[in-house]
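Breakdown of the fold
For reference, the chains in residue letters:
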Amino acid sequence: MSVQAKLPFALRDSCVVVFINSTAGGGRARVYLPRIRRVFESFQIRAQFVMTNSASELESSAKTAISQDQHVLLAMGGDGTFQALVNAAFGANVVLGVLPIGGGNDFAAALGLPSDPVKAAEAVLCGQPRLVDLVRAHTADGLTRLYAGGGGVGLDAEAAHYASGAYRHLPGRLRYIASTLRALVGYRPLDVRVDFPGSDLPPFKARSLLVAVLNSPTYGAGLRLAPGASVEDGSLHVVMIEELSKFGVLTLLPRLMGSGELRTSRVKRWRVPRVRLTTCRSRLFHGDGEILGATPVEIEVVPRAIQALVPWKD
């Protein structure tokens, strides 16, 4: 059987457009690009590689490609890079994919892709399109934004600021742990009210370290806040970590660094299609490590929102 015969229908006789985040993973994209190109050549797939320097540039380039009837679009970067692609492509008749080279690649992991970028490229090119969920956030600023994996308000949103700034060159989970430690300096827990529009669940209010709203089992490069989550279950997984002392947070971090698992009794969890977060004072909400806007924020799952290339399963 030829290489072309092994390819999913979406890739046969197609020109794939790969949008590259030049800063992803501390610049790893440029290092891996020659090897990724060789993977495409070995699969006899025509590809156009587009280097971008910002999320807005990537979105603009993706919209242009869609207007030119390009139907297979890949993002080479991390979760934030893929977020930019899905916001450009949502609603269009396209197949999307991610080549994970970012600091955190949680959505790629949720799709079952290998962590090694070259092996992930091979898995994507031999993969199959599958409908997966996204998350839509409506913030107090009047903005609406899609994200793919995990988002939240509180300490993690503060940490996201440092993860995309001063600590962006650190690898993987270390980047997010270091960012959390930096954000912890002077941080005060929030009074957060959690409402569940359209549900019989009563509101819940507590003083919290953070409230996360996840589509994927992990965020922050493998932190397993919602181990039961799936990008195909049509649900949001809401995780609240109630107020902890700074010593309590520091006690958690070694476990998070090791296994990525959250082990504390100060956790509340819900599985719902929609949630609204209101804080005692306006705070930032992030999705996939990108700041999306301010609270109050209403978040909803968008079931079967996009076709994503995932590893082939018999």
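Above: the structure in question.
Conventions used here
- Residues numbered from 1 in each chain as written.
- Predicted model: local features only at pLDDT ≥ 70, side-chain atom pairs only at ≥ 80, totals over all residues.
- Heavy atoms only, no water.
- Core = buried A, V, L, I, M, F, W, Y, C linked by side-chain atoms within 4.5 Å.
- Buried < 20%, exposed > 50% of the residue type's maximum accessible area, 1.4 Å probe, protein only.
- Contact = heavy atoms within 4.5 Å.
- Helix = DSSP H or I, 4+ residues; strand = E, 2+ residues; numbered from the N terminus.
- Axes fitted to C-alpha atoms, helices over the stretch in contact; angles between N-to-C directions.
- Parallel < 35°, antiparallel > 145°, perpendicular 65-115°, else oblique.
- Left-handed = near helix turned anticlockwise from the far one by under 90°.

1. Looking at the nonpolar core
Within the largest apolar cluster, 58 residues are counted, with the highest numbers of intra-cluster contacts made by Phe40, Met76 and Phe82. Not counting residues up to four positions away in its chain, the partners in contact with Phe82 are Ala75, Leu96, Gly97, Val98, Phe107, Ala148 and Ile306. Among the nonpolar cores identified, the runner-up in size contains 23 residues, and Ala137, Phe196, Ala206 and Trp270 belong to it.

2. Let's talk about helix α4 (residues 79–89)
The element α4 is extensively covered by neighbouring structure, given that 11 of its 11 residues are classed as buried. Within α4 the residues assigned to the buried category are Asp79, Gly80, Thr81, Phe82, Gln83, Ala84, Leu85, Val86, Asn87, Ala88 and Ala89.

3. Overview of unusual backbone geometry
Geometrically, the link from Thr295 to Pro296 is a cis peptide bond, its omega value of 0° lying close to zero. Following the sequence through the fold, Pro296 ends up in the loop between β14 (290–294) and β15 (297–310). In this structure, Gln44 is a non-glycine residue whose phi angle is positive, near 55°. Here Gln44 is to be found in the loop between α2 (28–42) and β2 (46–52). Backbone geometry places Arg304, a non-glycine residue, at a positive phi of 50°. Since its relative accessible area comes to 58%, Arg304 is described here as exposed.

4. Let's talk about the packing of helix α3 (residues 55–67) against α4
Two elements in contact, α3 and α4, have axes separated by 8 Å at closest approach and are oriented at 40°. Taken together, α3 and α4 sit at an angle that is classed as oblique. Once α3 is placed against α4, the crossing between them reads as right-handed. Contacts between α3 and α4 involve Ala55, Leu58, Glu59, Ala62, Lys63 and Ile66 from the first element and Thr81, Ala84, Leu85, Asn87, Ala88 and Ala89 from the second.

5. Here's the deal with the environment of Gln83
Within the secondary structure layout, Gln83 lies in helix α4. Take Gln83: its relative accessible area is 2%, and that puts it in the buried class. Not counting residues up to four positions away in its chain, the partners in contact with Gln83 are Arg145, Leu146, Tyr147, Gly287, Asp288, Glu290 and Leu292.

6. Considering the environment of Ile241
Considering the arrangement of structural elements, one finds Ile241 in strand β10 (residues 236–242). The exposure class of Ile241 is buried, given its relative accessible area of 5%. Each C-alpha atom of the pair Ile241 and Leu225 lies 9.7 Å from the other, and the pair is 16 residues apart in sequence.

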